Amino acid sequence: MGSEDELLDLHTRVRRGRTKYSKLYRQAGSKQVRSDRARGAASKKSRGDAQRREVFEDALSRVSAQLAKAARKEATALRKKRLAAVKAR
């Protein structure tokens, strides 16, 4: 997909989006519970933020997997480079 640094930036942006919609969902639900006096009714009204959070959660899992793969590849390359430098001495 991209370099490890690009994936880290993407991971950060997606995580921030997920956090934003999680926060909005909780806040809206909290306000709605106070007015409705019922959690079930309140959760139905803020379902859109919950769905957006789920989309970001799915994207975050895919980006995290790609980031882990890129980090392993980078670590392997660095290890090989260091071993080659030690052998060259």
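Residues numbered from 1 in each chain as written. Predicted model: local features only at pLDDT ≥ 70, side-chain atom pairs only at ≥ 80, totals over all residues. Heavy atoms only, no water.

Regarding the environment of R18
Here comes step 1: Secondary-structure assignment places R18 in helix α1 (residues 4–36).
Here comes step 2: Setting aside anything within four residues of it in sequence, one finds R18 in contact with R53, F56, E57 and L60. (Helix = DSSP H or I, 4+ residues; strand = E, 2+ residues; numbered from the N terminus. Contact = heavy atoms within 4.5 Å.)

A closer look at the nonpolar core
Here comes step 1: Listed in full, the five residues of the largest apolar core are L10, V14, A59, L60 and V63.
Here comes step 2: For this core, the secondary-structure elements that each account for two or more residues are α1 and α3 (47–88).
Here comes step 3: If you tally residues by element for this core, the top one is α3, at three residues. (Core = buried A, V, L, I, M, F, W, Y, C linked by side-chain atoms within 4.5 Å. Buried < 20%, exposed > 50% of the residue type's maximum accessible area, 1.4 Å probe, protein only.)

Some points on the side chain of H11
Here comes step 1: Examined against the element boundaries, H11 turns out to sit in helix α1.
Here comes step 2: Classification of H11 by relative accessible area gives buried; the value is 17%.
Here comes step 3: Among the polar contacts made by the side chain of H11, one reaches the side chain of S64 at a distance of 3.0 Å.
Here comes step 4: Every residue in contact with H11, bar those within four places of it in the chain, is listed here: L60, V63, S64 and L67. (Polar contact = N/O pair within 3.5 Å; in protein donor to acceptor, adjacent residues only side chain to side chain.)

Things to note about α3
Here comes step 1: The terminal C-alpha atoms of α3 lie 61 Å apart, and with 42 residues this matches the ideal 62 Å at 1.5 Å per residue to within 8%.
Here comes step 2: Restricting attention to buried positions, one finds in α3 the residues D49, A50, A59, L60, V63, L67 and A70. (Expected span 1.5 Å × (residues − 1).)

Take it as geometry only, folks, not as evidence of what the structure does.
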